[in-house]
Amino acid sequence: MMTSKYQAYPGYRNSGVEWIGSMPNGWCDSRIKFFSQLNPPKQEARCLPPDTEVTFLPMEAIGEKGELDTSVYKKIGDLINGYTYLGENDVLIAKITPCFENGKGALVRGLKNGVAFATTEVIPLRVTAPNNSKFLYYLLSCDPFRKIAEGTMYGAGGQKRVSDGFVANYHFAKPSNAECETIANFLDHETAKIDTLIDKQQQLIKLLKEKRQAVISHAVTKGLNPDAPMKDSGVEWLGEVPEHWDVRTVSKLSNKITNGYVGPTRDILVDEGVPYVQATHIKKGKVNFDGAYFVREHWSDEHSKSILSKDDVLIVQTGAGTGDMGLVSEEEVGFNCHALIIVEPDKKVISGGFLLMVFQSEYGYSKLYSIRTGGMHPHLNCGEVQFVKVPIPSRVEQDQITNYIEEKITRFDLLVSKQLDTISLMQERRTALISAAVTGKIDVRNWRAQKTEPCKETSA
């Protein structure tokens, strides 16, 4: 992938290490412990007064592309015991799953009073030659190291860890100190260009999603006819609606509003039976049942109020996804559900598709958000949702609006998908570039940053 743009070294030799393979002539087989010190001692920190403020680095302060939030300070006396010590230019990597697999790590710079303490779930390393710290960071970020390390992780369930011993004894092909610095500078420059392109794609995705939301919101609250006479809806946040539209509460336009079973599931779930929809299945206006949860038929019959019908609108009732919603299709008819608000629309008044669009509009989201209870554990209840007011055009107009929105959404989603594919390709290129440079697959010794080089996508 890299050879079409970057040259290989003139000569290679066998390293004698399986995962290194061949390495450039002049490079040598080394181990991390000969290149850096793991877990540097805390003597430097102990020399400071206990009330000295230093940088504090919880796991959330560590990014997946080397980002580091050094804005939180705590007194050294509160951190000297029980936390991991780091100094300026040290390198850290997360050692616990899933943070390790996600690439959390950083070169530590910009510390208050030159000292930081971090979560104990990181491994700190201090290189013997300070100018090589960035090379070590890239080495520990590259695919060869990460993939081999993942295979050595120990522990049960979601708490697997990479051992300090594995990191210390990891074999790698080492260039000269001067070349380490050149490779790091090259990667700083090239990955920054890629990251800039990724940021632009992400900004475009954000704009597309905002426009998508605006299309939904305008269509379900103002209609498709820009010349239609308007009237005050009498509803805060809704504003004016077309003069011939009605406005009703959810309770006045539905045959049923109830909620799925709320209670422990350990005794009701079985390997096969009636599919049991949960909050995790409600995404982007649809029900995406994964075949993982079932209940017995007689249990479902006993809880018939939460058996789903076509065009029911489901709203996540509690948890992180509170307010997410989906429309029941023909495929989910007869399913039962857990902790979801179920609105069965009166189809003579409103279609399930149009009601879903109203809930997905800026007005709908804002209204549902305003009636949530609980701060850390948000919750919606049927007693509040039933009083939400909904704009209602004729059924013919509802269908026209729904078809229009679905067509627009399809186009927006296709554009977003293309941007996500582009981002994925650039992320792969970034990863491959780092791996190629630190393992000697490409020769960057003669590389020089081009000050006038345009920031555009190039073929690797």
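Just above sits the structure.
Residues numbered from 1 in each chain as written. Predicted model: local features only at pLDDT ≥ 70, side-chain atom pairs only at ≥ 80, totals over all residues. Heavy atoms only, no water.

Draft legend 1. Geometry of the overall build of the protein chain. Looking only at helices and strands, the protein chain has 12 helices and 26 strands in total. Over its C-alpha atoms the protein chain spans a radius of gyration of 29 Å, topping by over 25% the 23 Å that the globule rule assigns to 460 residues. Taking the principal axes of its C-alpha atoms as reference, the protein chain extends roughly 80 × 50 × 50 Å. Each of the 460 residues in the protein chain was classed as buried or not, and the buried ones make up 47%. In the protein chain, once contacts between residues fewer than 6 apart in sequence are set aside, the share between residues at least 24 apart is 76%. In the protein chain, 54 positive and 57 negative side-chain charges are present, and the distance between their average locations comes to 5 Å. (Helix = DSSP H or I, 4+ residues; strand = E, 2+ residues; numbered from the N terminus. Rg over C-alpha atoms; globule rule 2.2 N^0.38 Å. Buried < 20%, exposed > 50% of the residue type's maximum accessible area, 1.4 Å probe, protein only. Contact = heavy atoms within 4.5 Å. Lys, Arg positive; Asp, Glu negative; His and termini not counted. Charge placed at Lys NZ, Arg CZ, Asp CG, Glu CD.)

Draft legend 2. Looking closely at empty space enclosed by the protein. Counted by the stated rule, this structure contains 1 cavity of 30 Å³ or more. Lining the largest cavity are 13 residues, and of these Ile-20, Tyr-170, Phe-172, Ala-173 and Thr-439 lie nearest its centre. Here the lining of the largest cavity gets 3 residues from one element, more than from any other, and that element is strand S12 (residues 171-174). Its residues assigned to classes, the lining of the largest cavity shows 9 nonpolar, 3 polar and 1 charged. (1 Å grid on protein atoms, 1.4 Å probe; cavity = no way out; pocket = protein on both sides within 12 Å on 5 of 7 lines; lining within 4 Å. Points joined across faces, edges and corners; volume = space filled by probe spheres on them. Nonpolar A, V, L, I, M, F, W, Y, C, P; charged D, E, K, R; others polar.)

Draft legend 3. Looking closely at the sheet that holds strand S19 (residues 282-283). Sheet architecture is open: 6 strands sit in the order S16-S25-S22-S23-S20-S19, paired in mixed fashion. Only two strands of the sheet have a single neighbouring strand rather than two, namely strand S16 (254-259) and S19. In terms of strand pairing, strand S22 (residues 313-316) meets strand S25 (residues 340-345) through 4 bridges, oriented antiparallel. Looking at the pairing, Leu-314 lines up with Ile-342 of S25. Along the sheet, helix H9 (residues 352-360) makes contact with strand S20 (285-287), S22, strand S23 (325-327) and S25, crossing S23 at roughly 165°. (Pairing = 2+ DSSP bridges. Axes fitted to C-alpha atoms, helices over the stretch in contact; angles between N-to-C directions.)

Draft legend 4. Region of interest: the layout of surface pockets. Computed from the structure, the largest pocket encloses a volume of approximately 1000 Å³. Along the wall of the largest pocket there are 37 residues; nearest its centre are Arg-212, Lys-284, Gly-285, Gln-360 and Ile-409. Within the residue set of the lining of the largest pocket, elements represented by two or more residues are helix H7 (177-222), S19, S20, S23, H9 and helix H12 (395-438). Partitioning the lining of the largest pocket into residue classes produces 13 nonpolar, 11 polar and 13 charged. Taken as a whole, the second largest pocket spans an internal volume of roughly 420 Å³. Contributing to the lining of the second largest pocket are 16 residues, with Glu-64, Asn-102, Gly-103, Ser-141 and Thr-431 lying nearest its centre. Elements that contribute at least two residues to the lining of the second largest pocket include exactly helix H5 (143-152) and H12. Of the residues assigned to the lining of the second largest pocket, the class counts are 3 nonpolar, 5 polar and 8 charged.

Draft legend 5. Region of interest: the nonpolar core. Core analysis: the largest hydrophobic core is formed by 55 residues, its most contacted members being Ile-32, Leu-136, Phe-145, Val-167, Phe-186 and Leu-187. The residues contacting Val-167, other than those within four sequence positions of it, are Ile-32, Leu-38, Ile-93, Ile-123, Leu-125, Phe-145 and Val-162. Ile-216, Ile-315, Val-349 and Val-358 belong to the second largest nonpolar core, which has 34 residues in total. (Core = buried A, V, L, I, M, F, W, Y, C linked by side-chain atoms within 4.5 Å.)

Draft legend 6. Here's a closer look at the sheet that holds strand S18 (residues 274-277). The sheet built from 4 strands is open, its strands ordered S17-S21-S18-S24 with mixed pairing. Two strands bound the open sheet, and with one partner strand each, they are strand S17 (269-270) and strand S24 (336-337).

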